[in-house]
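Working through the structure, step by step
Here is how the chains run, residue by residue.
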Amino acid sequence: MGSNMAECHPVAFRWPLKAKTDHGAVLMHVDPRFTRTSAACDVHVPIRAGSDIVFLGAIINHVINSRRWNEDPFYREYVVNYTNAATLVNPDFKGTEELDGVFSGLAPDGKSYANASWSYQRNPAPGKGKGGLGPFSDLLLQQLPGRPKTDPTMQDPHCVLQIIKRHYARYTPALVEKVCGCSPEQFIKVAQTMLENSGREKTANITYAVGWTQHTVGVQIIRAAAMLQALLGNIGRPGGGVLALRGHATIQGSTDIATLYHSLPAYLNMPDGRKKHDSLKDFILTEAGPVATSYWGNYPKFAVSYFKAQFGAAATAENDYGYDYHPKITGDHSHMPMMLDMGAGKIKGFFVMGQNPAVGGQNARLQRKALAKLDWMVVRDYFETETASFWRNSPEILSGELKPADIKTEVFFLPAAAVAEMEGSFTNTQRLLQQHDKAADPPGDARSDSWFTYHLGKRLQAMYRDSGNPLDWGIRNLAWDYEPEAKEVAPWRIKDEPSAYRVLKEINGYTVADGKPLATFANLKEDGTTACGAWIYTGVVPEEGKNNAARRKPDEWISPNWGFAWPANRHIMYNRASADSQGRPWSEAKKLVMWDPDADSGTKDPAGNPVRGKWIAPSGEGIDFQPTKAPAMVGKDAALGFDWLSGNDAFIMRADGKAWLFAPAGLVDGPLPAHYEPYESPVANRVYRQQSNPVAKVWRTEGNVYHGVADPKYPIVVSTYRVTEHHLSGTMSRWLPWLAELMPELFCEVSPELAAEKGIRNAGYVTIVTARGEIEARALVTRRIKPFVIDGKKVHEIGLPWHWGWQGNAKGDVANDLSAMVGDPNVSIHEGKVFTCDIRAGRKGGRS
Amino acid sequence: MGISRRKFLKVTSGIVGGGVAAELGILNVDTAAAAAKAGKVPIKSGRQIPSICPYCAVGCGQIVTVDDAGVIVDIQGNPDSPINQGTLCPKGAATLQLVKNEQRWNTVKYRAPGSDRWEEKSLDWAMSRIAELTKKTRDANFNEFQDMPDGKGGTIRKRVMNTYALASLGGATMDNEWNYLHQKLMHALGVVYLENQARI
C-alpha cells in the first residue's frame with residue numbers, strides 16, 4: 001500500500017516477484033490507481049486516496065475479533081510478551097469514541113495535545129539505583145519511573161488491547177465500503193489473506209513508500225501498519241515487518257546522520273530553546289529521562305561522544321563539552337516554513353546542494369519567489385537546474401511577474417562530481433551502508449560535495465582564527481582535519497579531496513587517547529574518553545584501515561559480509577522476536593535468532609566457571625538484543641538500559657521493551673491512528689465529526705490558499721506520483737537523452753468517465769487548476785483510473801507525475817505549482833498524495 | 001546460483017524491461033528474446049571499480065569501467081550484489097549519461113545581483129566569495145539569546161547561539177560522509193534551517 005514498487009523501485013520488486021514465482025507468496029496491492037505493481041499482483045483493491053487508516057483499522061478490527069487470532073496460542077504468546085497489549089493505560093484517557101473523533105488532552109484552541117492522559121499506569125518508582133555509572137547516568141538513575149502495570153489476561157478495560165478493540169469497533173467492512181470505495185468482499189479478501197499468512201510458520205510483509213507518508217496523517221498511517229504487524233506477530237521475523245521504500249541513494253543516511261533541523265546524528269534530538277535544555281545535564285535528563293529504561297539509557301555516552309567529535313580537544317567536562325556553543329532550534333525550521341521565512345526576507349544566504357526546490361517543492365511557485373528574496377545562493381549540481389536558473393527563465397520571469405533586474409540574489413553555480421567520481425558511502429532503504437569507490441577524477445572544476453563543505457569550513461576557520469568573540473568559539477574549535485594521506489590521492493589530479501575514510505572513522509567513533517576506532521557502541525563512554533559522530537554506525541570501521549561498508553562477499557540469504565547494516569550489522573531489527581518467549585525459533589521455516597543454553601557466553605561467574613547460555617544466529621545475522629540475557633531473566637527496577645530490560649523485552653529501543661500498539665508518548669496527534677480526511681477533501685468525514693487532523697500543520701499565508709471541504713470549485717482529487725524513467729525533480733534524469741526520450745512530456749491520467757464529463761480526449765491537452773496555480777499536461781485517458789462512489793457521491797481522481805520543469809531535455813509544467821504547503825504535525829511532511837483541483841480540456845490561457 | 005538466476009531474470013524482465021515498451025504501445029515485443037539478446041551485448045573492457053547506483057534507495061551495486069586513459073566508459077549492474085544481482089532499472093542503466101553528458105557544467109558560473117546572465121568564474125574566487133558572504137551574513141545575524149515562551153504566558157531568556165539568516169537544503173543524494181561534514185559545519189556556524197529531501 002502507498003507504493004508503486006514495480007514502477008519506482010523495480011529492482012527491489014524482483015524479490016516479491018521471486019517470492020511469488022518460487023514460493024507461492026500472494027501479492028496484494030491496495031492503491032487508488034491500477035499500476036504496474038497492480039498488474040503483477042494477485043489482488044488489486046482500489047481505495048480512495050487518503051482513506052488508508054480506515055482500511056488498515058478495519059483489518060485490525062477483523063484480526064482481533066477473528067477466531068484464528070483468538071484461538072491460535074501463537075498470537076497470544078507474541079502479543080503478551082512482545083507488545084504493550086497487556087499494559088494498563090491511565091484511566092483518564094479518553095478516545096475518539098468518547099470524544100467524537102479526538103483524544104483526551106486536546107487544548108481549548110484545538111491546535112495541540114497534552115499527552116499526560118495517554119500515559120501508562122505504573123508501580124511506585126524504584127529506590128535510587130546503585131551509582132558509579134557516570135556523572136549523567138547516576139542522575140538518570142535517580143529519576144526512574146516505576147514499571148508499567150499490566151494485565152496478562154488482557155481483560156482489564158484500561159489495557160491496551162481493550163482500548164484498541166473499542167477504538168476500531170466501528171472500522172467495519174461496511175465502513176470501508178462507505179469511505180474507501182471498495183467492496184466489503186475485496187476488503188475481506190485482503191484482511192483474511194494477511195491473517196492466514198501470519199503465524200508461527202508464515203510471515204507477511206507490508207511495504208510502503210511516499211504514498212503513505214505525504215499526508216497530514218502520514219505518521220499515523222504507518223503506525224497503523226506497524227500495529228497490524230505487531231498484532232499478527234510479524235515484527236522482528238524473516239519475511240515480516242513494515243518496509244519503507246525510500247527514494248534517494250542515501251536518504252536513509254541523510255536521516256541517520258541528519259542534515260535535518262530537528263536531529264543531531266544518530267537520532268539524538270537537537271538542543272531546543274523551547275525545552276529544558278539549558279545545560280548538557282538538562283539536555284541529557286530531558287531527552288534520556290523518559291527512555292532511560294531502554295537501550296537509550298546509554299544516551300549520556302552518545303551525547304558526550306557526539307560533542308567530543310564536534311569540538312575535539314576543546315570539549316572538556318569543565319565546559320560541558322562545548323554544549324553552550326552549539327545552536328538550539330526554537331521552532332519548526334523544516335523545509336516548508338524555511339521557504340516561507342525565506343519569502344518573508346528572514347533568510348539571506350542559501351546553500352542548495354543536490355536538491356531542486358523550484359520543481360520539487362510544494363507550492364513550487366511560492367518557493368521560487370522566495371529564492372528572489374535572498375541576498376545570495378549557492379547551487380551545487382550537475383546541470384543548470386530550475387533552482388539555479390529561476391532568475392533567468394522561470395515561469396515568473398517569462399510572465400513578466402519578476403524581472404531579472406529586480407532580483408538581487410547573487411547566484412553561484414558550483415559543478416558537482418558524479419558518484420563514480422568520488423569515494424564515499426550510501427545507506428540504502430534497508431539501513432545497509434555500501435561503499436562506492438572513485439573511478440576517475442571529476443571533470444574541470446567539478447568537485448565532490450565533501451570537498452566543498454570541507455574547504456568552506458577550512459576557509460571559515462582561517463577567517464575566525466584570531467577572533468576573540470565567544471560567539472565564534474564553535475567554528476574556531478571545530479575539529480576539522482580530514483586531510484588525505486598521500487596514497488589516497490596519489491592516482492588523482494585533484495589532490496585536496498578530504499579523506500572519506502577519516503570522516504567515516506569519526507562517524508564510527510574512536511578512543512580519544514589513541515585514536516583507535518571503536519569496534520562496538522558498547523564501548524562508548526560518557527566521560528569524554530570516546531568521540532563518536534553517530535553511534536548507530538559504530539562498527540562500520542571496527543579497526544584501523546578496515547571499512548565494513550566495502551565488504552563485498554554475498555551469500556544466498558542475509559549476506560552479513562556484504563556492506564554493513566546499522567546497528568551492529570543487524571539486518572532485521574528487534575530480531576529477538578524471531579524466537580518465542582523461551583528463546584526457541586517459532587518454527588523451522590522462520591528461524592533466525594535463538595537462545596543456546598549450552599553455548600559459552602564468554603563470561604565467568606564469581607567462582608571462575610564459564611557462564612553458559614547466549615543468543616546465536618547461524619546465518620551470521622547481528623543479534624538485536626543483549627547477547628547473554630536469558631529469556632527468563634527479569635530486569636532490575638533501579639537500572640538503566642539493558643539492565644532494566646527483561647529477557648522477553650525484544651523491543652530494546654522502547655522504554656518498556658515492548659512494541660507499542662498504543663503510543664503513550666512520541667506522537668503529537670494521538671496515541672492511536674484515527675481516520676481524518678485529507679486537509680483538502682471532496683467529502684465530509686464519515687467516521688467522526690472531526691473533519692481533518694486537528695493539529696495538522698497549516699500555513700495560512702499569501703499565495704498558499706487552501707480549498708474548502710467539498711469545495712465546488714475544486715471537486716477532483718489529485719495524487720502526484722513518479723514514473724520509472726525519471727528521478728524526482730528530474731535533475732538526474734531529464735538531462736539524460738535516453739530517459740528524456742523514454743518519458744518526454746508531462747501527462748495526466750484521467751478516467752474515461754471524467755474525460756467524457758469534461759470533453760477531454762486522449763493525448764489532448766488539459767489544464768489543471770488549484771488556488772495555488774495552473775498547469776497544462778497531455779491527457780492519458782485510461783481505465784487504470786476510476787471514479788469512486790463515496791457514501792453515494794461520485795468522486796473523481798486524477799494522477800499527475802511531477803518530474804518536469806522548464807530546463808533539461810524533457811520539459812513540462814511544474815506539477816508542484818498546484819500543491820499546497822500543509823503538513824503532518826509530527827514530521828512536517830507535506831500532503832502531496834491527496835489534494836483537490838479542477839480540470840478542463842485545452843491548454844492554459846484558453847488555447848486548445 | 002547460475003541457472004536459477006537466469007530463470008529469475010526471464011520471469012522478471014517482462015516487468016522491468018518490457019513494461020516500458022508496452023506502455024508506449026509498441027506491440028509484439030518478445031521480451032524474453034530481447035532479454036536474451038541484451039545478455040549478448042559486449043561489455044566494454046577495462047578496469048572495473050565497484051560502485052553504487054546514484055538514484056533510488058534500493059542500493060543496487062554497479063561496476064564502473066575505466067579505460068586505459070582513465071576515462072569512465074561504462075556503468076553496469078554488479079552481478080555480485082545480493083540486492084540487484086547485476087540488474088538495473090532504466091535510470092540505473094542510464095547512469096553513464098549522468099557522467100558523460102554534454103550539458104553537464106564543469107566550470108563555476110556566477111550571476112551578479114540584478115544581472116541577466118551567467119559569467120564564468122574560477123573555483124578559488126567563488127570559494128573565497130562564498131566564505132566571505134557566509135561569515136558576513138552569520139556575523140550580522142547571530143543570536144546569542146532569545147526570549148522564549150515560559151509556558152506560563154510570559155517569556156524566558158534562553159541561550160540559543162543560532163542564526164536564522166543562513167539555510168541549507170539537500171543531502172539525500174550525497175554521501176554519508178558529506179552529510180556528516182555538512183551538519184558538523186552548519187552546527188558550528190549556528191545554522192538551524194538545515195534540511196534535505198528526507199522531509200518530503
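Since this is a predicted model, take the numbers as computed values, not measurements.

**A look at the overall build of chain A**
Looking only at helices and strands, chain A features 27 helices and 26 strands. By the compact-globule yardstick of 29 Å for 848 residues, chain A fits well, its C-alpha radius of gyration being 27 Å. Overall size of chain A, expressed as C-alpha extent along the three principal axes, is 90 × 70 × 55 Å. Carbon together with sulfur atoms contributes 52% to the accessible area of chain A, which is approximately 28700 Å² in total.

**Quick look at the domain arrangement of chain A**
When the parts of a complex come together, some accessible area is lost, and that lost area is often used as the size of the interface. You can read the domains of chain A as domain 1 (5–121 + 158–244), domain 2 (256–325), domain 3 (337–415), domain 4 (421–517 + 534–550) and domain 5 (575–643). Each of domain 1 of chain A and domain 2 of chain A has a C-alpha centre, and these two points are 34 Å apart.

**Considering the pairing of strand E4 (residues 108–111) of chain B**
Side-chain alternation along E4 of chain B places Val108 and Tyr110 of chain B on one buried face and Lys109 and Arg111 of chain B on a second face that is also buried. Relative to E4 of chain B, strand E9 (residues 410–415) of chain A runs antiparallel, the two being bridged by three bridges. Bridging across to E4 of chain B, Val411 of chain A finds its partner in Arg111 of chain B. One ladder, built from three bridges, connects E4 of chain B with strand E5 (residues 119–121) of chain B; its direction is antiparallel. Note that in E5 of chain B the partner of Lys109 of chain B across the bridge is Glu120 of chain B.

**So, helix H17 (residues 335–343) of chain A**
Judged by how many residues are buried, H17 of chain A sits mostly within the fold: seven of nine residues are covered. For H17 of chain A, the elements touching its buried residues are strand E7 (349–353), helix H18 (357–360), helix H19 (364–371) and strand E25 (822–823) of chain A together with strand E7 (155–169) and strand E8 (191–195) of chain B. Just downstream of H17 of chain A, Gly345 of chain A is the residue with a positive phi angle, here 85 degrees.

**A few points about the side chain of His436 of chain A**
By the secondary structure assignment, His436 of chain A is in strand E11 (residues 432–436). In terms of polar contacts, His436 of chain A uses its side chain to reach the backbone carbonyl oxygen of Met422 of chain A, at 2.9 Å. Dropping the residues within four chain positions of it, His436 of chain A is found in contact with Val419, Met422, Glu423, Gly424, Ser425 and Phe426 of chain A together with Pro50, Ser51, Ile52 and Asp175 of chain B.

**Here's the deal with the sheet that holds strand E3 (residues 72–77) of chain B**
Residue and element names in this part refer to chain B. In space, the three strands of this open sheet follow the order E1-E2-E3, with antiparallel pairing throughout. With one partner strand each, in any of the chains shown, strand E1 (47–52) and E3 form the two edges of the open sheet. Pairwise comparison of adjacent strand axes, ignoring direction, gives a mean angle of 25 degrees for this sheet.

**Comments concerning the interface of chain B and chain A**
At the interface, 126 residues of chain B touch 165 residues of chain A. Together chain B and chain A conceal approximately 13300 Å² of surface at their shared face, both sides included; 64% is due to carbon and sulfur atoms. When the buried area of chain B at its contact with chain A is split by residue, Leu169, Arg199 and Ile200 of chain B rank highest and sum to 6% of it. Counting across the chain B and chain A interface gives six salt bridges. As a salt-bridge pair, Asp124 of chain B and Arg459 of chain A come within 2.7 Å of each other at their nearest N and O atoms. For the interface between chain B and chain A, the tally reads 77 residue pairs in polar contact (both at pLDDT 80 or more). A per-element tally of the side of chain B that touches chain A places helix H6 (residues 123–140) of chain B first, with 16 residues. Tallied by class, the residues present in the side of chain B that touches chain A amount to 68 nonpolar, 35 polar and 23 charged. Judged from the four bridges that link them, E7 of chain A and E7 of chain B form a sheet pairing that is parallel. Looking across to E7 of chain B, one finds that Phe350 of chain A is bridged to Ala167 of chain B.

**Structural notes on the packing of helix H10 (residues 173–180) of chain A against helix H11 (residues 184–196) of chain A**
Helix packing geometry: the angle between the two helix axes and the distance between the axes. Residues and elements named next belong to chain A. Running from N to C, H10 and H11 cross one another at 115 degrees; their axes reach a closest spacing of 8 Å. Regarding H10 and H11, the two cross each other, and that crossing is right-handed. Of the residues in H11, those in contact with Pro173, Val176 and Glu177 of H10 are Pro184, Phe187 and Ile188. Considering only residue class, the contact of H10 with H11 consists of five nonpolar, no polar and one charged.

**Focus: the domain arrangement of chain B**
Segmenting chain B into domains produces domain 1 (1–41), domain 2 (42–103), domain 3 (105–134) and domain 4 (141–200). Between domain 3 of chain B and domain 4 of chain B, the C-alpha centre-to-centre distance is 25 Å.

**Here we look at unusual backbone geometry**
All names here are of chain A. Cis rather than trans, the peptide bond between Trp566 and Pro567 has omega equal to -5 degrees. Here Pro567 is to be found in the loop between strand E14 (564–565) and strand E15 (594–604). A positive phi is found at Asn569, a non-glycine position, where the angle reads about 60 degrees.

**Remarks on the sheet that holds E11 of chain A**
The strand order E10-E11-E14 (chain A) describes an open sheet built from three strands, whose pairing is antiparallel. Two strands in the sheet have a free side with no partner beyond their single neighbour: strand E10 (424–427) and E14 of chain A. The sheet contact formed by E10 of chain A and E11 of chain A spans four bridges and is antiparallel. Note that in E11 of chain A the partner of Phe426 of chain A across the bridge is Gln434 of chain A. The sheet strands contacting helix H7 (residues 176–189) of chain B are E10 and E11 of chain A, and the helix crosses E10 of chain A at an angle near 95 degrees.

**Concerning the side chain of Thr193 of chain A**
When you line up the elements, Thr193 of chain A lands in helix H11. Setting aside residues no more than four positions away along its own chain, Thr193 of chain A makes contact with Val26, Met28 and Ile188 of chain A.

**Here we look at the packing of helix H4 (residues 52–64) of chain A against helix H13 (residues 218–231) of chain A**
All names here are of chain A. Interaxial distance between H4 and H13 falls to 9 Å at its minimum, and their mutual angle equals 15 degrees. Viewed along their axes, H4 and H13 adopt a mutual orientation that is roughly parallel. Viewed along their axes, H4 and H13 form a crossing whose handedness is left-handed. Contacts between H4 and H13 involve Asp52, Ile53, Leu56, Ile59, Ile60, Val63 and Ile64 from the first element and Gln220, Ile221, Ala224, Ala225, Met227, Leu228 and Leu231 from the second. Looking at side-chain class alone, the contact of H4 with H13 contains 12 nonpolar, one polar and one charged residues.

About the cut-offs
- Residues numbered from 1 in each chain as written.
- Chains lettered and ligands numbered in written order.
- Predicted model: local features only at pLDDT ≥ 70, side-chain atom pairs only at ≥ 80, totals over all residues.
- Heavy atoms only, no water.
- Helix = DSSP H or I, 4+ residues; strand = E, 2+ residues; numbered from the N terminus.
- Rg over C-alpha atoms; globule rule 2.2 N^0.38 Å.
- Areas by Shrake-Rupley, 256 points an atom, 1.4 Å probe, with all protein chains shown as cover.
- Domains from an automatic or database assignment.
- Buried < 20%, exposed > 50% of the residue type's maximum accessible area, 1.4 Å probe, protein only.
- Pairing = 2+ DSSP bridges.
- Contact = heavy atoms within 4.5 Å.
- Polar contact = N/O pair within 3.5 Å; in protein donor to acceptor, adjacent residues only side chain to side chain.
- Axes fitted to C-alpha atoms, helices over the stretch in contact; angles between N-to-C directions.
- Buried area = accessible area lost by both parts, 1.4 Å probe.
- Salt bridge = Lys/Arg side-chain N within 4 Å of Asp/Glu carboxyl O.
- Nonpolar A, V, L, I, M, F, W, Y, C, P; charged D, E, K, R; others polar.
- Left-handed = near helix turned anticlockwise from the far one by under 90°.
- Parallel < 35°, antiparallel > 145°, perpendicular 65-115°, else oblique.

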